[in-house]
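Structure assessment
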Amino acid sequence: MTDVPESHPRHDSLVTRHRIEEGVERGITSRQGLIAQGRGEAFDYLLGEQTISSADAAERAAAAQFLVADHPVVSVNGNVAALVPGEVVELADATGADLEVNLFNRTEERMEAIADHLREHGATEVKGLTADATVPGLDHERAKVDSDGIAAADVVLVPLEDGDRAEALGALDKTEVVIDLNPLSRSAQAATVPVVDNVVRAVPAITEHARDLAGADRETLETIVAEFDADEALAAAERAIREGGDD
Ligand code: PTJ
């Protein structure tokens, strides 16, 4: 990897791109993940590569959702594993969530490579390899889940994916937190809490909010959850993309 000087105006974006490239080379990220990253970058560029205030509110609501959950699960795909492996482990630790690998382009090699990568970053238990349950209504590999993981979860963090699994999980009455830079994507639209932010900023931000809220009582957490307005957050993100600035 060519060293990117910190003074480069697009330093963070270029470092992120290199991490995805490295993920592909290590068999963690699919080649389609490169295309997904390009789509995300375009939206991030229009957002000013910053966490807008509505995304920060969504990250706080996401943290509160995780803390009130009985069984929260963070779903990990090839892009997430390449970009934020240590950060998802920290989020899981801060909220008592499970980590489960779930892939669109599922192969046993990629499943193992991602699970190993997460363990190298401190994960003690990684779900997804058992795949002894299915999400009804999906006819592709993303339907495969663990019966004591996503199948049993009440709150699932679903970062960066296509919309049909988000809709299928929603149909199972699971609360979904979706991280997606495109506020018009089906997964963001299907989410209870859509977080329109780059996963590299969003995951550490949710963890930080979870740590801040760790001592809060259930009523306070439930109020944060109830006061979050998903439609307004999506509209604010679309305005920021179309018109620039932040509300
Ligand atoms: O690892 P696999 O096999 O499960 O495959 C994962 C990918 C990402 C390839 C697969 O889910 C896919 O094709 O996703 P899509 O349909 O391209 O959707 C990805 C969404 O994530 C798009 O709406 C992008 O704008 C958004 N996105 C891409 N990069 C980021 C992002 N959102 C947040 N942060 C990013 N870094």
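Our structure is the block above this text.
Some remarks on the site of the ligand
In the vicinity of the ligand lie 26 residues, with Gly-78, Phe-104, Asn-105, Arg-110 and Asp-180 positioned nearest. The contact in question runs from an oxygen atom of the ligand to an N or O atom on the backbone of Gly-78, over 2.9 Å. At a separation of 2.8 Å, an oxygen atom of the ligand approaches a polar side-chain atom of Asp-180. When the free accessible area of the ligand is taken as 750 Å², the share hidden by the protein chains comes to 95%. With respect to the detected pockets, the ligand is housed in the largest pocket. At the level of elements, helix H2 (31–46) and helix H4 (78–83) are the ones that each hand at least two residues to the shell around the ligand. Ranked by residue count, the leading element in the shell around the ligand is H2, at seven residues. Of the residues assigned to the shell around the ligand, the class counts are eight nonpolar, eleven polar and seven charged.

As for the sheet that holds strand S7 (residues 193–195)
Read across the sheet, five strands follow the order S2-S1-S5-S6-S7 without closing on themselves; strand pairing throughout is parallel. For this open sheet the edge positions go to strand S2 (98–101) and S7, each flanked by a neighbour on one side alone. Taken pair by pair, the neighbouring strands of this sheet meet at an average axis angle of 20 degrees, ignoring direction. Pairing geometry for strand S5 (residues 155–159) and strand S6 (residues 175–179), over five bridges, is parallel. The partner of Val-158 across the bridge, within S6, is Val-178. Sheet strands touched by helix H9 (residues 199–212): S5, S6 and S7. Its angle to S6, the strand with the most contacts, is close to 135 degrees.

Observations regarding the nonpolar core
Val-74, Val-76 and Val-88 are the most contacted members of the largest nonpolar core, which totals 48 residues. Sort the elements by how many residues they give to this core and helix H3 (residues 53–68) lands first, with seven residues. Residue contacts for Val-74: discarding those within four places in its chain leaves Phe-66, Val-88, Leu-91, Ala-97, Asp-98, Leu-99, Glu-100 and Leu-157. Counting residues in each nonpolar core, the second largest holds 14 residues, with Ala-133, Ala-143, Ala-153 and Ala-191 among its members.

How each quantity is defined
- Residues numbered from 1 in each chain as written.
- Predicted model: local features only at pLDDT ≥ 70, side-chain atom pairs only at ≥ 80, totals over all residues.
- Heavy atoms only, no water.
- Near = heavy atom within 4 Å.
- Polar contact = N/O pair within 3.5 Å; in protein donor to acceptor, adjacent residues only side chain to side chain.
- Areas by Shrake-Rupley, 256 points an atom, 1.4 Å probe, with all protein chains shown as cover.
- 1 Å grid on protein atoms, 1.4 Å probe; cavity = no way out; pocket = protein on both sides within 12 Å on 5 of 7 lines; lining within 4 Å.
- Sits in = over half its atoms within 2 Å of the grid points.
- Helix = DSSP H or I, 4+ residues; strand = E, 2+ residues; numbered from the N terminus.
- Nonpolar A, V, L, I, M, F, W, Y, C, P; charged D, E, K, R; others polar.
- Pairing = 2+ DSSP bridges.
- Axes fitted to C-alpha atoms, helices over the stretch in contact; angles between N-to-C directions.
- Contact = heavy atoms within 4.5 Å.
- Core = buried A, V, L, I, M, F, W, Y, C linked by side-chain atoms within 4.5 Å.
- Buried < 20%, exposed > 50% of the residue type's maximum accessible area, 1.4 Å probe, protein only.

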